[in-house]
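Descriptive analysis of the structure
The primary structure of each chain is shown beneath.
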Amino acid sequence: MISNQLIQQSIDGIHDITGVDLTVYDREANVLAQTGGAIKDIEKDIKTFVALADDIKLVKGSYFLKVFDDDDVSFVVVVDGDSSKSKTTGKMVVFHMNHLLVAYKDKYDKDDFIKNLLLDNLLLVDILNRSQKLHIEMRARRVVFLVEVAREKDAGIMETIRSLFSGGVRDFITAVDEKDIIIVKEMTDEETTDDLNLIAHELVDTLESEIMVSARVSYGTVVSDIKEVSRSYKEAKMALDVGNIFYSERRVVAYGNLGIGRLIYQLPLQLCRMFIREIFGSERPVEFDEETLTTIDQFFSNNLNVSKTSRELYIHRNTLVYRLDKLQKMTGLDIQTFEDAITFQIALMVMKYMNYLETIEY
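Below is a short write-up of the structure.

Once that is clear, we can look at the overall build of the chain. Across its full length, the chain holds 13 helices and eleven strands. Expected size for 362 residues packed as a compact globule is a radius of gyration near 21 Å; at 30 Å, the chain overshoots this value by more than 25%. Over its C-alpha atoms, taken along the principal directions, the chain stretches across nearly 95 × 45 × 45 Å. Residue pairs in contact within the chain that sit at least 24 positions apart in sequence constitute 58% of those at least 6 positions apart. With the model as given, the accessible surface of the chain reaches about 19,800 Å², and the carbon-plus-sulfur share is 51%. Computed over 43 positive and 60 negative side-chain charges, the separation of the two mean positions in the chain equals 1 Å.

This paragraph deals with the packing of helix α10 (residues 290–301) against helix α12 (residues 317–331). As a packed pair, α10 and α12 sit with axes 11 Å apart at the nearest point and diverge in direction by 105 degrees. What the angle tells us is that α10 and α12 run roughly perpendicular. Only Leu-320, Arg-323, Leu-324 and Leu-327 of α12 make contact with α10, whose side of the interface consists of Glu-291, Thr-292, Thr-295, Ile-296 and Phe-299. The residue makeup of the contact of α10 with α12, split by class, is five nonpolar, two polar and two charged.

So, on to the layout of surface pockets. To find the voids left in a structure, one rolls a probe of water-molecule size over its atoms. Considering only enclosed or pocket space, the largest pocket measures out at about 880 Å³ in volume. Along the walls of the largest pocket sit 31 residues, with Lys-107, Asp-111, Arg-162, Asp-171 and Ile-173 positioned nearest its centre. Looking at which element gives the most residues to the lining of the largest pocket, the answer is helix α3 (residues 84–118), with nine residues. Across the lining of the largest pocket, the residue classes break down as 14 nonpolar, five polar and twelve charged.

How each quantity is defined
Residues numbered from 1 in each chain as written. Predicted model: local features only at pLDDT ≥ 70, side-chain atom pairs only at ≥ 80, totals over all residues. Heavy atoms only, no water. Helix = DSSP H or I, 4+ residues; strand = E, 2+ residues; numbered from the N terminus. Rg over C-alpha atoms; globule rule 2.2 N^0.38 Å. Contact = heavy atoms within 4.5 Å. Areas by Shrake-Rupley, 256 points an atom, 1.4 Å probe, with all protein chains shown as cover. Lys, Arg positive; Asp, Glu negative; His and termini not counted. Charge placed at Lys NZ, Arg CZ, Asp CG, Glu CD. Axes fitted to C-alpha atoms, helices over the stretch in contact; angles between N-to-C directions. Parallel < 35°, antiparallel > 145°, perpendicular 65-115°, else oblique. Nonpolar A, V, L, I, M, F, W, Y, C, P; charged D, E, K, R; others polar. 1 Å grid on protein atoms, 1.4 Å probe; cavity = no way out; pocket = protein on both sides within 12 Å on 5 of 7 lines; lining within 4 Å. Points joined across faces, edges and corners; volume = space filled by probe spheres on them.

Okay, structure coming up:
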C-alpha cells in the first residue's frame, strides 16, 4: 500500500497550488493524510459513501470522492467546500493517487518477480511471460551483488544503497531475508569485472562513511539472460560465506576470486575430519594462541622470509625461529619448508571450515 508519507506529500503539493484543504481517509474512515483539520463525526458518512454506487458526492458541504484499486475502494478523498474549485481539486487528487497506485503496484510486482526469480521459484515459461508483462528485458548483462551489514537493516541503509544506483533505472534492489540486501545490476557492454570491484568498494565505503555501518559485499559472475540471474545470486551468496569463513579481513569478495577457499567450502565434514586426523593425529588438535597465529600469518604473508617477518613483528630473529621450532614440536610440521607450509595453511583453513559447519548445525 502507498505510504501515508507519500500521500501527505502529494496532497500538500496540490494544496499549495489550489489553496483548498482536503483529507484522505481509508475505507474504514481512518485519517491517512490531511492539509487542514479533519471534519468531526465523519466516520458514518464515509462508510455510507463507500457503500454507494457514486464515485463523487456532495455531503454536508464537502465533496467526497473515491479512489479505486482494481474495482475496490481503497481511499476516500474529502475536499472542503462545495465550489467547482473544490470539486476540481478532488478530481486532481484522485487522478494523482490512481497513478501512484499503478506505480506502486508496478514496483511491487517487479520486486516480487525478482525475489521469486532469485529463489528459483519460477518455471521457465513463467519467467518469459512475467518478464514480457513487466517490460523487463530478457537478454541483458546482469550481475548480483550481496550486501551484508553489521546491524539490522533499516530504511537508512536501503535508501543509501538506492541512492548509489539511482541512475540505473533497470537495476533492482530487494531482500529475501532479514540479513542481506540484494542488488541485481544491469551492466553495459563496456563495463568489466574491474568495474564490478569498484562498485563493490564504493558500496562499502559509502555505507561506512555516510551512516557509520560496517558492511561486506560479494558478487557473482555476469550472466546474459534473466533466467540465469539466480545463478549469479547463488554465487554471490557462496562468495559471502567463503569470505566470512576464510577471508575475514576482506570487505569485498568476488565469486571469481575465492582461491582455495572455494574447494574447502565444498568438502563434506567427514572428509575434513579425516584430513585433520591425518595431519595432526587427532580430530581436535591443540588450539593455537593469538601470538602463534599472528606469527604464522605474518610468516606466510612474507613468503616464509624469516628476516622480514622478525622485523615486522619487532622481535629478534632467534625468537621467531624459537616460535617456529615450538610449532614444529606441537604439530610435526616445519613451516619453514614449502611443502609443510602449504599443508599447514590448508589445515588451518579446514579447521576454520569445520568450526563454521559445527556452528550452523547447532
